[in-house]
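Chain residues, written in single-letter form:
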Amino acid sequence: MENIALIDSFSEFKDEKLIDRVTLMAILEDVLRNALKKKYGDDDNFDIIINPDKGDLEIWRNRIVVADGEIEEPNQEIALSEAQKIEPDFEVGEDVAEEVKLVDLGRRSILALRQNLISKIHEHDNTNIYKQFKELEGEIYSAEVHHIRHRAIILLDDEGNEIILPKDKQIPSDFFRKGENVRGIIESVELKGNKPAIIMSRTAPAFLEKLFEQEIPEVFDGLITIKHVVRIPGEKAKVAVDSYDDRIDPVGACVGMKGSRIHGIVRELGNENIDVINYTNNLQLFITRALSPARVTSIKLDEENKRAEVLLKPEEVSKAIGRGGHNIRLAGKLTGYEIDVFREGAEEDVELSEFSDEIESWIIDEFSKAGLDTAKSVLEQDVEDLVKRTDLEEETILDVIRILKEEFEE
């Protein structure tokens, strides 16, 4: 009866954890054999018969009959007198099969057996979850906000699986409430101990790429190919697209009439500004397109050092650089080239390095990092933008502007 009760108890796991009967019984046999090894030292001479349909479990111990006083292996051998208590006509050399009841293992062993079974089922469950989500890496997934922590949001999917959305994988403008549905890509899945750690990301370029696949039929069907995606999450992104069918305008298809197709993607990403550009193998043309909305006058390439000198009209420079330097930074990432901006009529301008006697070199370097190498390039910018684009204090920037203005006033 104890065996039947045990089977019924363990069968509950099948319904709760969605483990098939065959797997459950294999786990049960493995756990029972471990318990037998602990009690008897070996399990090779035990037969375990499990009948899940009848809820029946039998354990049989097989031993060889030896003469009284000649037992060398107690687990493998049984004395003749003991064997004849089971069946009076047993003789030396015959095999004896004796049923072992769970109660014979002792109460402690039964409790340990149950705990071991629970552990094995969880381990099996976690391995399956790991495999399931490992196959979903790089794919869009939806889950509900379960718990909000300082450094991460804990999500639960429909199956109750826990997914982590770390703070640095969230778009800066993201704000979620408990019970709200969140979309992102499964960025990584790792086993920590026996538990899978599933990490979601909303900042990865792959998330934007997958959103294009979901929202734009031509991308999903393969008529339009996404060649490269770069992002500053929540601020700006550039997506290079191509089509092998000349009848399809890849940019127009992605953006849609009055931005209708891309609007949902922009909203999902916290109003991230998305530039969609036509990909081309012509590097000069590709860099020109990457610097959109600025209009480029000319480009000089240094392919060996992966640098591009771009000449622009003065009024186009701020467009090329963009707010916070986002546009030029993304154009560089998209094309793989370090882009240096130069203004037409630069001879009327003055290089910042000329002011090294009045402005410290590290300050000049900070402006250079933001693509601002000349006096006029600095003076054309708003103070607020200069603070964002450099690591300089507003007071320092105002002091530099005063020095530069004095040069031109003279």
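Up top is the structure.
Quick word on the side chain of threonine 280
In this fold, threonine 280 is placed in the loop between strand S12 (273-278) and helix H9 (283-290). A relative accessible area of 17% means that threonine 280 is categorised as buried. Separated by 3.1 Å, the side chain of threonine 280 and the backbone nitrogen of asparagine 282 make a polar contact.

Section: the packing of H9 against helix H11 (residues 326-335)
Between two packed helices, the angle of one axis relative to the other and the distance separating the axes together describe the packing. Across the interface, H9 lies against H11 with an axial gap of 9 Å and an inter-helix angle of 150 degrees. The orientation of H9 relative to H11 falls into the category roughly antiparallel. Considering the relative orientation of H9 and H11, their crossing is right-handed. On H11, the residues touching Phe286, Ile287 and Ala290 of H9 are Asn327, Ala331, Leu334 and Thr335. For the contact of H9 with H11, the residue count by class is five nonpolar, two polar and no charged.

A closer look at the packing of helix H5 (residues 205-215) against helix H8 (residues 260-268)
Where H5 contacts H8, the two axes come as close as 10 Å, and the packing angle between them is 145 degrees. Read as a crossing pair, H5 and H8 show a hand that is right-handed. In this structure, H5 uses Phe207, Leu208, Leu211, Phe212 and Glu215 to contact H8, whose residues at the interface are Ile262, Ile265 and Glu268. Taken together, the residues of the contact of H5 with H8 break down into six nonpolar, no polar and two charged.

What to know about the nonpolar core
Residues Leu291 and Phe367 are the most contacted members of the largest nonpolar core, which totals 42 residues. Other than its neighbours up to four places away in sequence, leucine 291 contacts Val296, Val310, Ala320, Asn327, Ile328, Ala331 and Ile339. Counting 25 residues, the second largest nonpolar core, distinct from the first, contains Ile171, Ala204, Leu208 and Ala253.

Here we look at the sheet that holds S12
Sheet strands pair via backbone hydrogen bonds, and the direction of the pair is either parallel or antiparallel. A sheet is described by the order of its strands in space; here three strands give the open sequence S10-S11-S12, paired in mixed fashion. Only two strands of the sheet have a single partner each, and these edge strands are strand S10 (224-232) and S12. Within the sheet, the average angular offset between the axes of one strand and its neighbour, ignoring direction, is 20 degrees. Pairing analysis gives eight bridges linking S10 to strand S11 (residues 236-243), with the strands arranged antiparallel. Across the sheet, the residue bridging to histidine 228 is alanine 240, located in S11. Relative to S10, H5 is tilted by about 140 degrees, and along the sheet it contacts S10, S11 and S12. Its contacts with the sheet put H9 on S11 and S12, and the angle it makes with S12 is roughly 160 degrees.

Points about a negative patch on the surface
On the surface, a cluster of negative charge is contributed by Glu87, Asp89, Glu91, Glu94 and Asp95. Of note, aspartate 89 is situated in the loop between helix H3 (80-86) and strand S4 (95-100). Taking the relative accessible area as the measure of exposure, aspartate 89 reaches 54% and is therefore exposed.

Things to note about the pairing of strand S5 (residues 140-148)
Bridge analysis of S5 against strand S8 (residues 181-192) gives five bridges, and the strand direction is antiparallel. In the strand pairing of S8, serine 142 is matched with arginine 183. The hairpin turn running from S5 into strand S6 (residues 152-156), its antiparallel successor, is three residues long.

A look at the packing of aromatic side chains
Under the defined criterion, the tally for this structure stands at three aromatic pairs. With a centroid separation of 5.2 Å and an interplanar angle of 70 degrees, the aromatic rings of phenylalanine 133 and tyrosine 141 are classed as edge-to-face. The ring of tyrosine 40 has lysine 39 sitting right over it, with the charged end atom 5.8 Å from the ring centre. Over the face of the ring belonging to tyrosine 279 we find lysine 227, whose NZ or CZ atom lies 5.2 Å from the ring centre.

Topic: the environment of aspartate 43
Locating aspartate 43 in the fold gives a position in the loop between helix H2 (21-40) and strand S1 (46-51). Sequence separation between aspartate 43 and asparagine 75 is 32 residues; the distance between their C-alpha atoms is 9.0 Å. The contact partners of aspartate 43, leaving out residues within four places of it in the chain, are Arg33, Leu36 and Lys37.

Overview of the pattern of salt bridges
Evaluated as defined, the whole model comprises 24 salt bridges. Note that aspartate 275 is salt-bridged to lysine 236, the shortest N-O span being 2.9 Å. Note that aspartate 275 is positioned in strand S12 and lysine 236 in strand S11, a separation of 39 residues in sequence. There is no split in this pair, since aspartate 275 and lysine 236 are both buried. The partner of arginine 247 in a salt bridge is aspartate 245, and the shortest N-O contact between them spans 2.9 Å. Note on arginine 247: relative accessible area 75%, which makes it exposed. Shared partners join several salt bridges into a network, and the residues in it are Asp174, Arg183, Arg202, Glu215 and Glu268.

About the criteria used
Residues numbered from 1 in each chain as written. Predicted model: local features only at pLDDT ≥ 70, side-chain atom pairs only at ≥ 80, totals over all residues. Heavy atoms only, no water. Helix = DSSP H or I, 4+ residues; strand = E, 2+ residues; numbered from the N terminus. Buried < 20%, exposed > 50% of the residue type's maximum accessible area, 1.4 Å probe, protein only. Polar contact = N/O pair within 3.5 Å; in protein donor to acceptor, adjacent residues only side chain to side chain. Axes fitted to C-alpha atoms, helices over the stretch in contact; angles between N-to-C directions. Parallel < 35°, antiparallel > 145°, perpendicular 65-115°, else oblique. Left-handed = near helix turned anticlockwise from the far one by under 90°. Contact = heavy atoms within 4.5 Å. Nonpolar A, V, L, I, M, F, W, Y, C, P; charged D, E, K, R; others polar. Core = buried A, V, L, I, M, F, W, Y, C linked by side-chain atoms within 4.5 Å. Pairing = 2+ DSSP bridges. Patch = residues over 30% accessible without salt bridge, like charges linked within 9 Å, V, L, I, M, F, W, Y side chains within 5 Å. Areas by Shrake-Rupley, 256 points an atom, 1.4 Å probe, with all protein chains shown as cover. Salt bridge = Lys/Arg side-chain N within 4 Å of Asp/Glu carboxyl O. Lys, Arg positive; Asp, Glu negative; His and termini not counted. Charge placed at Lys NZ, Arg CZ, Asp CG, Glu CD. Phe/Tyr/Trp six-rings, centres within 6.5 Å; stacked < 30°, edge-to-face > 60°. Lys NZ or Arg CZ within 6 Å of the ring centre and 35° of its normal.

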